[in-house]
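Each chain is listed here by its residues.
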Amino acid sequence: MIELIPAIDIIEGKCVRLSRGDYDSKKVYNENPVEVAKELEGHGIRRLHLVDLDGAATHHIVNYRVLEQIASATSLVIDFGGGVKSDDDLRIAFENGAQMVTGGSIAVKNPDLFCHWLQVYGPERIILGADVKEDKIAVNGWKQDSGQELFPFLQNYTEQGVRKVICTDIGCDGMLQGPSLALYGRILEKHPDLYLIASGGVSGMNDIAALEEAGVPAVIFGKALYEGRISLEELEHRLR
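In this text the structure is predicted, and so the values were computed from the model without any measurement.

Asks: Got a minute to help me understand the pattern of salt bridges in this structure?
Replies: Opposite charge on two side chains lets them pair, provided their charged atoms get close. Inspection of every chain in the model, using the stated rule, returns eleven salt bridges. D135 serves as the salt-bridge partner of R186, at 2.7 Å between the closest nitrogen and oxygen. You can see R186 sitting in helix α8 (residues 181–190) and its partner D135 sitting in the loop between β7 (126–133) and β8 (136–139), a full 51 residues away along the chain. On the accessibility criterion, D135 (24% relative accessible area) is partly exposed. A salt bridge links R238 to E212; the shortest N-O distance between them is 2.6 Å. Placement of R238 in helix α11 (residues 232–239) and of E212 in helix α9 (residues 205–213) is noted, with a sequence separation of 26 residues between them. Overlapping salt bridges bring together E3, R47 and D79 as one network.

Asks: I tried to follow α9 on my own but got confused; where do I start?
Replies: Since there are 3.6 residues in each turn of an α-helix, residues three or four apart along the chain are aligned in direction. Listing the buried residues of α9 in full gives M205, D207, I208 and L211. In a view along the axis of α9, the buried residues occupy a sector of 160 degrees, so they form one face of it. Relative to its buried face, α9 has exposed residues pointing more than 90 degrees away, namely N206 and E213. Taken together, the buried residues of α9 touch β1 (3–11), α8, β11 (195–199), β12 (218–221) and α11. Positive backbone phi, approximately 90 degrees, marks G215, located one or two places after α9.

Asks: It is not clear to me how the side chain of R47 should be interpreted in this structure. Could you clarify?
Replies: Examined against the element boundaries, R47 turns out to sit in strand β4 (residues 47–52). By relative accessible area, which is 7% here, R47 ends up buried. Here the side chain of R47 touches E3 through a polar contact of 3.5 Å, side chain to side chain. Beyond its immediate chain neighbours, meaning those up to four positions away, R47 contacts E3, L4, I5, P6, L76, V77, D79 and M100.

Asks: Help me understand the packing of helix α1 (residues 33–42) against helix α3 (residues 64–73) in this model?
Replies: For any two helices packed against each other, one specifies the inter-axial angle together with the distance between the axes. Between α1 and α3, the least distance of the axes is 9 Å, while the angle of their chain directions is 35 degrees. As for how α1 packs across α3, the hand of that crossing is right-handed. Between α1 and α3, the residues in contact are P33, V34, A37, K38 and E41 and V66, Q69, I70 and A73, respectively. For the contact of α1 with α3, the residue count by class is six nonpolar, one polar and two charged.

Asks: Is there a simple way to explain the environment of A198 in this structure?
Replies: Position of A198 relative to the elements: it lies in strand β11. Remark: the alpha-carbon pair of A198 and I166, spanning 32 residues in sequence, is separated by 6.1 Å. The residues touching A198, leaving out its near neighbours within four places in the chain, are C167, Y184, L211, V216, A218, V219 and I220.

Asks: Sorry if this is basic, but what is going on with the pairing of strand β3 (residues 22–30) here?
Replies: Each regular strand carries side chains that alternate between the two faces of the sheet. Note that strand β2 (residues 14–19) and β3 share four bridges and pair antiparallel. When the sheet's bridge partners are listed, C15 is paired in β3 with N30. Between β2 and β3, which pair antiparallel in sequence order, lie two residues; one of them, R20, sits at a positive phi of approximately 55 degrees.

Asks: Explain the nonpolar core to me, please; I cannot follow it from the model alone.
Replies: Soluble globular proteins: nonpolar side chains tend toward being buried together. Formed by 69 residues in total, the largest nonpolar core has its most connected members in I8 and I187. Among residues more than four places away in sequence, those in contact with I8 are C15, P33, V36, A37, L40, L48, H49, L50, V51, I70 and Y226. Judged by nonpolar contacts, the second largest core, of eight residues, contains I5, A7, M100 and I166.

Asks: What exactly am I supposed to notice about helix α7 (residues 150–159) here?
Replies: Every buried residue of α7 is accounted for by L150, F151, F153, L154, Y157 and T158. The buried residues of α7 all sit within an arc of 155 degrees when viewed along its axis, so they share a single face. Exposed residues lying more than 90 degrees from the buried face of α7 are P152 and E159. Backbone geometry just after α7 places G161 at a positive phi near 115 degrees.

Asks: Just checking my understanding: could you explain the packing of aromatic side chains for this structure?
Replies: For any pair of aromatic rings, geometry is given as the distance between the ring centres together with the angle between the planes. One pass over the structure, following the stated rule, counts four aromatic pairs. Summarising the aromatic geometry, the rings of F153 and Y157 are spaced 5.3 Å apart at their centres and angled 75 degrees between planes, so their arrangement reads as edge-to-face. Placement of the pair is F153 and Y157 together in helix α7, with a separation of four residues, close to one helical turn. Exposure class is identical for F153 and Y157. Each is buried. An aromatic cluster of at least three residues, connected via ring pairs, comprises F114, F153 and Y157. Lying across the ring of F151, K190 places its NZ or CZ 5.5 Å from the centre.

About the thresholds
- Residues numbered from 1 in each chain as written.
- Predicted model: local features only at pLDDT ≥ 70, side-chain atom pairs only at ≥ 80, totals over all residues.
- Heavy atoms only, no water.
- Salt bridge = Lys/Arg side-chain N within 4 Å of Asp/Glu carboxyl O.
- Helix = DSSP H or I, 4+ residues; strand = E, 2+ residues; numbered from the N terminus.
- Buried < 20%, exposed > 50% of the residue type's maximum accessible area, 1.4 Å probe, protein only.
- Arc of directions from axis to C-beta.
- Contact = heavy atoms within 4.5 Å.
- Polar contact = N/O pair within 3.5 Å; in protein donor to acceptor, adjacent residues only side chain to side chain.
- Axes fitted to C-alpha atoms, helices over the stretch in contact; angles between N-to-C directions.
- Left-handed = near helix turned anticlockwise from the far one by under 90°.
- Nonpolar A, V, L, I, M, F, W, Y, C, P; charged D, E, K, R; others polar.
- Pairing = 2+ DSSP bridges.
- Core = buried A, V, L, I, M, F, W, Y, C linked by side-chain atoms within 4.5 Å.
- Phe/Tyr/Trp six-rings, centres within 6.5 Å; stacked < 30°, edge-to-face > 60°.
- Lys NZ or Arg CZ within 6 Å of the ring centre and 35° of its normal.

As far as function goes, none of this settles anything; it's purely spatial.
Written as structure tokens, this is what we have:
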């Protein structure tokens, strides 16, 4: 069964969502992310994707207290991303309760450091973030085109030992118009053993079912949940 991973995106300590990574499109859904996490856990969710959007924009972890609070209040398995740019950032994330850390911009800008993390912590704890716009990798909270092509980027890092990749199609993210099934199909065709985590565009349970049918191992979703297009009861029923 496809792994269900709700997302909580944080700006100024609040649970928010953006559209296509545009910070000006910010919509606050809850002032208390810990409440959201506890409610998810209460309906059977076991994984959480926590993103520090302030960190992504400022190049260092900002909302680590929210991470610590959620980790203390729940038993959710948390993967954390956003602003992890140094050994110190990585240490802060793990010390405050992240079981996994996602590195995107760092994998583009400092590949030696990212590969060092991969060797030290292992491919189960270090996830590669591949945020894509028209087959190019974007960095710094999706504000910059790195110029790197997606498929050589993935090929290089799978050769370095990466086993888990979160791939977000920026054009779909937050738009509730369906995920990039064709893109994920192309990735899995080239990398059938990759634990590919699809992110962006999920508008309802039908999209999750379509991703599962396409062989995608895991899916991250957020806006569909907060906009009521996916209910907690539906998630609980599917998990059963």
